[in-house]
Amino acid sequence: MIGSPDVVALTREDENGEANADPLALPDEFSVPLYPHANSNPWAKTSYAKFTKDFILISEFSEQVGPQPLLTIPDDPTVCGTFDLNYFSLRIMSVDYQASFVGHPPGSGYPRLSFVEDSRVVLGDSKEGAFAYVHHLTLYDLEARGFVRPFCMAYVSADERKIMMQFEELSQRFSQASECLKTGNRRAFAKELQRKLQDLEYTRLVLRKEEGLQREAAPPGIYSSQVVEKANELANVEKSIYEHRDLLRQISSYPGRPRRDPQDLLEKYATLDHALRPDGPGAAGRAWGRRASYTPQLIKAKSPKCFDKRLKTLSELSESRFHAATLDLLRGTERLFSGDLCYQYSRRLDRALRRKQQATNFLFEEDPGEDVGGDGVTARPACALSHAGDGPWPPRPPPIVLCPLALELDALRPPGPLDPAAGGGPLRPGRSRPESSPSDRTPETSEDTKCSFSSERSAEGPGRQSTSEGTETTGGEDEAENGGDRTPASPQGAPALQTDLEAALGQMDAACCMAQDAFLYEGSLGDAASDAGLDGPPATVVSQEPQASPALQGAYAVGPPQAEPPAVGLGGGAADDGSDRTVSASAGSDRAGSPPCYGGGVTLRQRKRAGQGALRFVRQYPFALQALWCLLSGRTLVVLGSDEARVRRMVSALALFVPGPGPRGERVQAWLSCTPSLADLHRWKLIGLQRLASPLGSSGLHSLTRYSRYLSVLDADQKTLRCPPYRGTLLANMADHRTSLRRGSTYFLHVQSALGGLASKAFLLAFTHHLHLPVGPGEGPEAVEARRRGFLQEQLGLGPQDGQVLLYLSGLVTQHYLGPPPDAAPPAFSFGYTASLLYKI
Amino acid sequence: MSSGYPPQSPAVAKTEVPLDGECPLLAATFAYWDNILGPRVRHIWAPRVDQSLLLSDGEITFLANHTLNGEILRSAECGAVDVKFFVLAEKGVIIVSLIFDGELKGDKNTCALSIILPQTELAFYLPLHAICVERFQHVIRKGRIWMQKGYNIISVLSSEILPIMELLASMKTHRVQEDIDIRDTVLNDDDIGDSCHEDFLHKAISSHLQTCGCSMVVGSNPDKVNKMVRTLCLFLTPSERKCSRLCKADSSFKYETGLFVQGLLKDSTGSFVLPFRQVLYSPYPTTHIDVDINTVKQMPPCQEHTYNQRRYMRSELSALWRAVSEDDIAPDMIIHTDEGFTPDLNIFQDVMHRDTLVKSFIDEVFMLKPSLSLRSTYVTQFLLLIHRKALTLLKYIEDETQKGKKPFRSLRSLKADLDLAVDGDLSIVMALAEKLRAGLHSFVFGVPCYTSAQDRDVHMSF
């Protein structure tokens, strides 16, 4: 199997891998280190960079002073540390990667503008430990040599692998920023040209008058030297006018030029056009169409010398709104890509995988199409492009002009009398920017369709079918924020997924319908399953494959990284308990009280914080396992206590284990100060209940006792739990109070992994057809039930109580997949005869 | 490309490489910084395909010179090989350059080995970038020694440039697609034993995951081989799939270092000769799967593999260093043994660690109806599960060791806390974690004398 010619000489080496002091020994500079990772520490920095974190550097190759750094993002000197920005700018700007002709081409009378494509380079300085993605671009400046000013934007990192692995994403982000800056520059350049033209025409007018006066003053037929000089000056001005008109024509024809960039970025940016409108709320938008007044200046014959003139700054080279938007885009990019590559990559992978398992995501996951989660530190530039810029988000960038600049083309008319109106308002947005088609407008940007989370919810009568299970369609802040997925940067947006899923779910066959009947009789399957154990409701059958939509098939693609939405509206302290959006329900208003906002309504960061609470709970309470089993088997758990903060914290921690908490956490009520009704116990699977010393409070306790057959009560004050005993093994690893896990975020990952495993098993149970359908015509429901029981016990090795968990979860999967029955009967409680026990610390 | 480039120097030598089919590579160049003349191209390799060459020599020279511009400021450590990557939209090309220092005519010069591709191949090339760079870096190490000795580096570079061209050409036609239809895999069979034996499939997938998703599938029937290749690729990420290759139906490809999964066809004698060096230079240990005789073998775990690989590299470089003449050792065919150490050629061993993760997955996935997307979803759930376990493990170790500042001493607790008591399960999760955090195995299991988690446990118990 092994080719013998490859047997190679191996020199004798000692155990430490150091060669002997042999004169023929290989010098280190020609060898490779025996251990490739520095100090064998995988977390050690890959290089010895002098900066503390990644940053963005904008540099220019100045015609006066050479390469120079202009600004860094973030603008914090501590980030760059002792890193020599001047030297690095010199290195990255030392080559003209856009080498292309500018100036007067041979045989051409007028200077030509060259529309060069941006170049992208990844390079590094291994000695300095700095690696960079460098995006080279050229801006136009009337005062500059050849009218061009070379700039570059560089993402500087100590991790070379990070840059190469995310090259396409970096390239896309920087291309957006570059196009934004260049668009603003072209507009500023055109405006400057027009002003210059007005100046020139005014100068020409003045010169003509002066020439006429001098000619009249001189004897007829004799031309004085002053007259000749004036005539030459006039000729120069006229030539200059022609040149500037030509330049203006060239710059206005920019968008029509053939594109060489295969990415055809401009097409993508067309969809960003809606981002800022002239009639928008921003003052900048209103100022868009305003025609600035300009008084022409007389141009002196001699312009200042090259080194006397002051070159424009970057902000002067581009219209201010575009410049600001570019910097915002870059800030977003910096936030998006900074951090550990390992976790960035994992998040993307996790998200891509979750997108492919829509059938079970609702159980324990946030919707991958919406909340991508994260630590909340990184922002989402895509949002900055297309979504509301409130809160911490940067404002929207100006629209990218795709059609020819709507210049005042009367300036291109043949020379005529000075038209004072020619100088004003060269750029009209109404003409310069195409109307965005309805398809360009994403729903989230329309005020009409923008969903917002309502803190009000109408009362539901006790006999009413609970509609909180997956039927709540009201979006929330996260949904609006995360609509960034629908921007071109992330084409696989949530609406498409939602539509596909709806299409998939809409397909049901006869078997499904037959199974649907079960819900009519059994009502809340979860409750029934939890209380009746394996003798609970007949399991429903799903014979329709999930994710039948072909659009979902290719969803497993690690797309560009998605930044996380910020925890908008969440206070730091309130975020700790994860229930900050819940309004405390008073005795008189609890029916109209706000719903809890757990589950999909919270960010991943909050869930990780909840993980800390959950870890504390597991370590502190030996009966945590029982509590978890109650939640996972569908038995309602009431957390009773007098201290609101403590109860809220507990609910927040335990909410991690509530299956299918709902898009806005409808199944969790963090704090309730009145007696829950029977419908409440159906609607909420986890309830924080206030203990009152008043007679009202005692009646509340009384009602809890009355319903004790259906629910479990965790007393936060007494530190007791009353619930049926759990003797299974399935959940043991999630609630081991001797665990060595130290941090809440790690425990959260562990729980996430374990719950994912449960969801997977539930999926298997729900979609294994022979477990739910009779194999032969003579087979009755008992035989099917026995087969299912055998599957749980023998195939999965689960005892009855563990089986209850899977039955409940698979029931939820089925119900979620089939959708709510159209004419479902009111939910009914089921119960078991297993006595509850009181657990104490 | 526009014309008008300066004509190339008559001194520039050129090698035309005959290739079958489409080669995405336009050219490869070796250039150096001449202290008097500036950047100079020394050699050009260009594929000779059916069509005329896409780039003229002048254009190639212009681009190659470009890669060295700015390197006059280079202040790298001696022996460092820096990588530069250009996407020049204005020229419509991408260039990958490896910059290094080398001795030419007694002077120390900055040199560049570059490959040029059309910009349209950017998406094709990017997943393969790491493979190409890794292989070029090693050949440059050898080339630097050759230059130091005053020998001709071109022959050394040719020994890798030509295979890279072949690799890229083969990937163009036989690369595994990013989206794999489960119907093309073993997992779509009605029953587990339909196309391969139950335990064989379990061992194959388990070992494949234990070796970081790096496997070679050999066999005589190309359909069977490719079915297994696609099956294994189901357990890879999309970008890893793009670094995997199906086998050719009529003749066999050569083994290529760095691919994740590759199908290889046996010859008429029923054998396939593996090049020891190339297998050892793979970034991860490899699983060897023979679909003819249903055997699964695997290389030692990551920490041992890396250690062996590095020792082998050092030995190879030392052997070159000791060569007394250019003809003494051909760079790509080293036949020499040393009294000090003989490499263990039996690098593929039986799969030692059995797991429960893959076992239960295999048992369960066949319960779901085939030809629907049920099994695809179940595969996705399995991948999500093991990826999350890997991330949890990584975070656990990170917490325990304060990001590597302290040694890791709690493997036993980790196994208990994260439900990874079975060695095979731990190997799978560790392998995935290794891909996320390179060097994790060496950090956790220490020097390669600990050959397995079991040994490490024994050690820790004392």
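Within an unreviewed UniProt entry, the label attached to chain B reads CI072 protein, and the organism entered is Gadus morhua.

If you check an unreviewed UniProt entry, chain A appears there as UDENN FLCN/SMCR8-type domain-containing protein from Gadus morhua. The UniProt entry for chain A carries the following text under Subcellular location (unreviewed entry): "Cytoplasm". UniProt, in its Sequence similarities (unreviewed entry) section for chain A, records the words "Belongs to the SMCR8 family."

Chemist: Explanation requested: the overall build of chain A in the structure shown.
Modeler: For chain A, the helix and strand inventory stands at 26 helices and 11 strands. Counting the 841 residues in chain A, one finds 57% classified as buried. Of the contacts made within chain A by residues no fewer than 6 positions apart, 77% connect residues no fewer than 24 positions apart. For chain A, the accessible area works out to roughly 33,500 Å², and carbon and sulfur atoms hold 54% of it.

Chemist: Would you mind going over the confidence of the model for chain B with me for this structure?
Modeler: Regions with low pLDDT carry predicted coordinates that are not meant to be interpreted in detail. Residues and elements named next belong to chain B. Chain-level pLDDT for chain B is 87 on average; 89% of the residues reach the 70-or-more range. Throughout residues 334–341 the model reports pLDDT below 50, and contacts reaching past four residues in sequence, or to other chains, amount to 24 contacts. Considering only residues more than four positions removed or in separate chains, one finds that residues 458–462, a stretch of pLDDT under 50, has three contacts.

Chemist: Could you clarify how one ought to interpret the pairing of strand E9 (residues 711–715) of chain A in this entry?
Modeler: Note on strand geometry: in a regular strand, side chains alternate between the two faces of the sheet. All names here are of chain A. Most of E9 sits out of view: five of its five residues are buried. On E9, burial covers both faces: Leu711, Val713 and Asp715 on one face and Ser712 and Leu714 on the other are all buried. Both strand E6 (residues 636–641) and E9 contribute to a ladder of five bridges, which runs parallel. Paired with Leu637 across the two strands is Ser712, which belongs to E9. Pairing analysis gives three bridges linking E9 to strand E10 (residues 720–723), with the strands arranged antiparallel. Note on E10: the bridge partner recorded for Val713 is Arg722. Hairpin connection, E9 to E10: the antiparallel pair is bridged by four residues, and Lys719 has positive phi, about 60°.

Chemist: Help me understand the nonpolar core in this model?
Modeler: Of all hydrophobic cores here, the largest spans 250 residues; its most connected members are Phe657 and Leu686 of chain A together with Phe85, Leu187 and Leu393 of chain B. The element best represented in this core is helix H11 (residues 374–401) of chain B, accounting for 14 residues. For Leu393 of chain B, the contacting residues outside a window of four places in its chain are Leu414, Leu418, Leu420, Leu426, Val429, Met430, Ala433 and Leu440 of chain B. Counting 39 residues, the second largest nonpolar core, distinct from the first, contains Leu85 of chain A together with Val12, Leu26 and Ile44 of chain B.

Chemist: Looking at this structure, I do not really get the pattern of salt bridges. What am I missing?
Modeler: Once their charged atoms are close, side chains differing in charge can pair, the charge on each being opposite to the other. Residues and elements named next belong to chain A. Inspection of the entire model under this criterion finds 57 salt bridges over all chains. Of the charged contacts, one joins Lys53 and Glu334 as a salt bridge, the two residues approaching to 3.5 Å between their closest N and O atoms. Linking Lys53 in the segment before strand E1 (55–62) with Glu334 in helix H9 (residues 320–337), this pair joins segments that are 281 residues apart in sequence. On the basis of relative accessible area, Lys53 is assigned to the partly exposed category, the value being 36%. For Glu334, a relative accessible area of 5% corresponds to the buried category. Among the ionic pairs, Glu60 bridges to Arg149, the shortest N-O distance being 2.6 Å. Taken as a pair, Glu60 in strand E1 and Arg149 in strand E5 (residues 148–157) lie far apart in primary sequence, 89 residues in all. Of the residues examined, Glu60 reaches a relative accessible area of 4% and is grouped as buried. Three or more residues joined by partner-sharing salt bridges are found here, namely Glu60, Asp141, Arg149, Glu192 and Lys312.

Chemist: Looking at this structure, I do not really get the environment of Ala762 of chain A. What am I missing?
Modeler: All names here are of chain A. Within the fold, Ala762 resides in helix H24 (residues 744–767). On the basis of relative accessibility, which here comes to 0%, the residue Ala762 falls in the buried class. Taking the C-alpha atoms as reference points, Ala762 and Leu809, 47 residues apart in sequence, are found 5.6 Å from one another. Dropping the residues within four chain positions of it, Ala762 is found in contact with Leu806, Leu809, Ser810 and Val813.

Chemist: I'm lost on the interface of chain B and chain A in this one. Help?
Modeler: Where the parts come together, the accessible area they lose is often given as the size of the interface. The interface is formed by 116 residues belonging to chain B together with 110 residues belonging to chain A. A buried area of about 10,600 Å², summed over both sides, lies between chain B and chain A, and 58% of it is on carbon and sulfur atoms. Three residues, Glu90, Arg314 and Arg388 of chain B, lead the burial of chain B against chain A; their summed loss comes to 8% of the area buried on that side. Between chain B and chain A we count nine salt bridges in total. For Arg91 of chain A, the salt bridge is made with Glu71 of chain B, and the minimal N-O distance between the two is 3.4 Å. For the interface between chain B and chain A, the tally reads 28 residue pairs in polar contact (both at pLDDT 80 or more). The element contributing the most residues to the side of chain B that touches chain A is H11 of chain B, with 21 residues. In the side of chain B that touches chain A, the residues fall into 52 nonpolar, 28 polar and 36 charged. The pairing of strand E3 (residues 119–125) of chain A with strand E4 (residues 82–88) of chain B spans four bridges and is classified as antiparallel.

Chemist: How do you make sense of the packing of helix H5 (residues 198–210) of chain B against helix H6 (residues 222–233) of chain B when you look at a structure like this?
Modeler: Geometry of a packed helix pair, given as the angle between the helix axes and the separation of the axes. Residue and element names in this part refer to chain B. Here H5 crosses H6 at 50°, and the two axes come no closer than 10 Å. In terms of their interaxial angle, H5 and H6 are classed as oblique. The hand of the H5/H6 crossing is right-handed. Only Met228, Thr231 and Leu232 of H6 make contact with H5, whose side of the interface consists of Phe200, Leu201, Ala204, Ile205 and His208. Taken together, the residues of the contact of H5 with H6 break down into six nonpolar, two polar and no charged.

Chemist: I'm lost on the confidence of the model for chain A in this one. Help?
Modeler: All names here are of chain A. Mean pLDDT over chain A works out to 70, with 59% of the residues at or above the 70 mark. Least confident of the elements in chain A is helix H12 (residues 381–386), whose mean pLDDT is 30; most confident is H9, at 95. Segment residues 260–290: pLDDT under 50, and 73 contacts once partners within four positions in sequence are set aside and those in other chains are kept. Across residues 547–600, confidence stays below pLDDT 50; counting only partners more than four residues off in sequence or on other chains, it has 192 contacts.

Chemist: Looking at this structure, I do not really get the sheet that holds strand E4 (residues 130–140) of chain A. What am I missing?
Modeler: Strand pairs in the sheet, formed through backbone hydrogen bonds, run parallel or antiparallel to each other. On the basis of which strands lie adjacent, the open sheet formed by 11 strands has the order E2(A)-E1(A)-E5(A)-E4(A)-E3(A)-E4(B)-E5(B)-E6(B)-E2(B)-E3(B)-E1(B) and mixed pairing. Among the strands making up the open sheet, the edge pair consists of strand E2 (66–73) of chain A together with strand E1 (13–18) of chain B. Direction aside, the axes of adjacent strands within the sheet are offset by 25° on average. In terms of strand pairing, E3 of chain A meets E4 of chain A through seven bridges, oriented antiparallel. The residue of E4 of chain A that forms the bridge with Asp125 of chain A is Ala130 of chain A. Lying on the sheet, H9 of chain A is in contact with E1, E2 and E5 of chain A; it crosses E1 of chain A at an angle near 135°.

Chemist: What should I look at first to understand helix H25 (residues 781–795) of chain A in this one?
Modeler: The periodicity of an α-helix, 3.6 residues per turn, causes residues three or four positions apart to be oriented the same way. Residues and elements named next belong to chain A. Spanning 15 residues, H25 covers 20 Å between terminal C-alpha atoms, matching the ideal 21 Å at 1.5 Å per step. Every buried residue of H25 is accounted for by Val784, Glu785, Arg787, Arg788, Gly790, Phe791 and Leu792. On the buried face of H25, the contacting elements are H24 and helix H26 (800–818). Within two residues after H25, Gly797 carries a phi angle of roughly 65°, on the positive side.

Chemist: Looking at this structure, how should I read the sheet that holds strand E9 (residues 287–290) of chain B?
Modeler: Residues and elements named next belong to chain B. With mixed pairing, five strands are arranged side by side in an open sheet as E8-E7-E9-E10-E11. Strand pairing shows two members of the sheet lacking a second neighbour, strand E8 (261–265) and strand E11 (349–350), which therefore form its edges. By the bridge criterion, two bridges tie strand E10 (residues 295–298) to E11 in an arrangement that is antiparallel. Paired with Gln298 across the bridge in E11 is Gln349. Docked against the sheet, H5 engages strand E7 (215–219), E8, E9 and E10, running at close to 20° with respect to E10.

Chemist: Got a minute to help me understand the packing of H5 of chain B against helix H10 (residues 357–365) of chain B in this structure?
Modeler: Residue and element names in this part refer to chain B. Across the interface, H5 lies against H10 with an axial gap of 9 Å and an inter-helix angle of 135°. Relative to H10, the element H5 lies oblique. Read as a crossing pair, H5 and H10 show a hand that is right-handed. Between H5 and H10, the residues in contact are Glu198, Leu201, His202, Ile205, Ser206 and Leu209 and Val358, Lys359, Ile362 and Asp363, respectively. Looking at the contact of H5 with H10 residue by residue, the class counts come to five nonpolar, two polar and three charged.

Thresholds applied
- Residues numbered from 1 in each chain as written.
- Chains lettered and ligands numbered in written order.
- Predicted model: local features only at pLDDT ≥ 70, side-chain atom pairs only at ≥ 80, totals over all residues.
- Heavy atoms only, no water.
- UniProt positions renumbered as here; feature names shortened; annotations may be inferred.
- Helix = DSSP H or I, 4+ residues; strand = E, 2+ residues; numbered from the N terminus.
- Buried < 20%, exposed > 50% of the residue type's maximum accessible area, 1.4 Å probe, protein only.
- Contact = heavy atoms within 4.5 Å.
- Areas by Shrake-Rupley, 256 points an atom, 1.4 Å probe, with all protein chains shown as cover.
- pLDDT = per-residue confidence, 0-100.
- Pairing = 2+ DSSP bridges.
- Core = buried A, V, L, I, M, F, W, Y, C linked by side-chain atoms within 4.5 Å.
- Salt bridge = Lys/Arg side-chain N within 4 Å of Asp/Glu carboxyl O.
- Buried area = accessible area lost by both parts, 1.4 Å probe.
- Polar contact = N/O pair within 3.5 Å; in protein donor to acceptor, adjacent residues only side chain to side chain.
- Nonpolar A, V, L, I, M, F, W, Y, C, P; charged D, E, K, R; others polar.
- Axes fitted to C-alpha atoms, helices over the stretch in contact; angles between N-to-C directions.
- Parallel < 35°, antiparallel > 145°, perpendicular 65-115°, else oblique.
- Left-handed = near helix turned anticlockwise from the far one by under 90°.
- Expected span 1.5 Å × (residues − 1).

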